[in-house]
Amino acid sequence: MLGFIKEKKRKHGVSMKVPLFLLFLFIGFLPMFVLGKLTDRSFRQTQIDSRVIEVQNQCLIVSNKMSRVGYMNEDSRDSTVDVELDTIADIFNGRIVVVNKNFKVIKDTFRLAEGRTHVAEEVIRCFQGESGSRLERDKHYFALAVPIYDNTEEKNIDGVLVATASTENLMDMAQRVSEKASFFLLMTWWILILAAAVLSVVLMGPFARLQKMLNRVAEGNLDEVISENAYKETREISAAVQNTMTKLKTVDQSRDEFVSNVSHELKTPITSIRVLADSLMSMEDVPVELYREFMTDISDEIDRESKIIDDLLSLVKMDKSVAELNVTQLDINGLVQQILKRLRPIARRRNVELIFESIREVTADADEVKLSLAINNLVENAIKYNVEGGWVRVTLDADHKFFFVKVSDSGIGIPEEFQEHVFERFYRVDKARSRETGGTGLGLAITRKVILMHHGAVRLASKEGEGSTFTVRIPLNYIPYSGQSGTNASSDETLPRSHKSKR
Ligand code: ADP
């Protein structure tokens, strides 16, 4: 049962107002409680002390008088002293006993112990010259002893005056005062509870406001301005949320843009096919050659459409979180050579020289199919966007951590203002040239994606009219991020084996 409540608490959480409220209550209550207790105790003690002193003074006065009149001497005993003793005992609601040197009681204001022996601790001490008082807190009385001297020069102790007085009425008074104080304490308690409640609500106000704003965002209002600057914490939370929302909006926008780009790209070949088919149908007695020419164009457009779809599928599948790499140890030199061998006929057709420069033998952990595709795209672009009689140089190098593939060309180059965009999906610097060479605008996006999946990076350096250099850097050892497994053979289906293979 207790476990269930705890679990429930953990799930739903308790409002921060509760611990704050309890904290304020505790901070306010503790000093009040301690102060109350201390005041009460010291008040009681002061009352008793002053009563002891009062009784002691009175007893000293009487004992002096007794010494003067020689009270301890039976012959010269003065009855006015007896009256005085009775009066003092009455005033303090107590009892006075006079004991002579033989510990015999010669006077008792209660008239009970006269003639009896009285050997009490304070009497013995007093005869020894130590006068003092004794408080019996539990029995609610105190006793004090005062010496009675003889009236000779030596001042010998002739007897002892023992006074006992009740402290009960003092305690009753202290109790009444403490009850009154408790009433005020209770009032203060209520004020404290109220103040603690108000303070915790006020202090949590900024968080409540922030929560309201976040609720509006959760309802789908991404344009909500999240700004609560009352505390450093709320300001930082607001900034973090605002940042996330800006990113969300960008993702939203780029998704819309992507969808519109995809629709446009997919529509273009279909429009061409329709135009070609319509014009064929509108003509009469069309010669077979013209038919063949138009049908070849239609077939090219269909090829183009299917290539766009293939590329899109590759990208989308790599975008999915389930996208996994089929990582094996690869001979990168062999891999690059194979790519170049495949692309050599195209280079020859365009009269472009293809050079491979291998600085060292490299073996690394990578997904063969995906990495081939990425490097293939770079080399193919270097051939496509080259000039008649130009060259493409592929350099392979490595250090102790990474391997580097550098693809340089003597081609048309990429103007600086377009360089940061060429890796975006469907981005083409020269649309006409790209279309003419069969480009879909997705090649570099795929390349970058593959390199990022291998935890690598790609850099572009280019100058318009002089050529471009793409440098790829990939770790030699692939370490999957936590929660990502790197050895699942799904990539063969994920990517078309020869991207842009048809020229
Ligand atoms: P495409 O299918 O159009 O080649 P890519 O994504 O491969 O698409 O490339 C995007 C754009 O970047 C190309 O359209 C081209 O304008 C430019 N580009 C890519 N590589 C090169 C290069 N080596 N030289 C000059 N321009 C290039």
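## Examining the site of the ligand
Phase 1: As a structural note, the neighbourhood of the ligand is formed by 23 residues, with Asn381, Tyr385, Ser434, Thr440 and Leu444 the closest of them.
Phase 2: Interatomic distance of 2.8 Å between a side-chain N/O atom of asparagine 381 and an oxygen atom of the ligand.
Phase 3: With respect to the ligand, the side chain of aspartate 409 contributes an N or O atom lying 3.0 Å from a nitrogen atom.
Phase 4: Burial of the ligand by the protein chains amounts to 99% of its free accessible area of 530 Å².
Phase 5: If you tally residues by element for the shell around the ligand, the top one is helix α10 (residues 368–384), at three residues.
Phase 6: A per-class count over the shell around the ligand returns ten nonpolar, eight polar and five charged.

## Considering the domain arrangement of the protein chain
Phase 1: Considered domain by domain, the protein chain is made up of domain 1 (23–174), domain 2 (222–318) and domain 3 (320–494).
Phase 2: The C-alpha centroid of domain 3 is placed 23 Å from the C-alpha centroid of domain 2.
Phase 3: Contacts between the two partners involve 17 residues from domain 2, matched on the other side by 19 residues from domain 3.
Phase 4: On the domain 2 side of the interface with domain 3, the three residues burying the most area are Leu315, Lys317 and Met318, jointly 41% of the side's total.
Phase 5: Along the contact surface separating domain 2 from domain 3 lie one salt bridge.
Phase 6: For glutamate 265, the salt bridge identified is with arginine 428, shortest N-O distance 2.5 Å.
Phase 7: Mapped by element, the contributors of at least two residues to the side of domain 2 that touches domain 3 are α7 (232–282) and α8 (288–319).
Phase 8: With eleven residues, the single largest contributor to the side of domain 2 that touches domain 3 is α8.
Phase 9: When the residues that make up the side of domain 2 that touches domain 3 are grouped by side-chain class, the tally is seven nonpolar, four polar and six charged.

## A few points about the packing of helix α9 (residues 332–349) against α10
The angle between the axes and the distance between the axes are what describe a pair of packed helices.
Phase 1: α10 packs onto α9 with a crossing angle of 40 degrees between their chain directions and a minimal axis gap of 10 Å. Considering their axes alone, α9 and α10 lie oblique with respect to each other. As for the relative orientation of α9 and α10, their crossing is right-handed in sense. Contacts between α9 and α10 pair Ile332, Leu335, Val336, Ile339, Leu340, Arg342, Leu343, Ile346 and Ala347 from the former with Glu368, Leu371, Ser372, Ile375, Asn376, Val379, Glu380 and Ile383 from the latter.
Phase 2: Broken down by class, the residue content of the contact of α9 with α10 amounts to twelve nonpolar, two polar and three charged.

Procedures and definitions
Residues numbered from 1 in each chain as written. Predicted model: local features only at pLDDT ≥ 70, side-chain atom pairs only at ≥ 80, totals over all residues. Heavy atoms only, no water. Near = heavy atom within 4 Å. Polar contact = N/O pair within 3.5 Å; in protein donor to acceptor, adjacent residues only side chain to side chain. Areas by Shrake-Rupley, 256 points an atom, 1.4 Å probe, with all protein chains shown as cover. Helix = DSSP H or I, 4+ residues; strand = E, 2+ residues; numbered from the N terminus. Nonpolar A, V, L, I, M, F, W, Y, C, P; charged D, E, K, R; others polar. Domains from an automatic or database assignment. Contact = heavy atoms within 4.5 Å. Buried area = accessible area lost by both parts, 1.4 Å probe. Salt bridge = Lys/Arg side-chain N within 4 Å of Asp/Glu carboxyl O. Axes fitted to C-alpha atoms, helices over the stretch in contact; angles between N-to-C directions. Parallel < 35°, antiparallel > 145°, perpendicular 65-115°, else oblique. Left-handed = near helix turned anticlockwise from the far one by under 90°.

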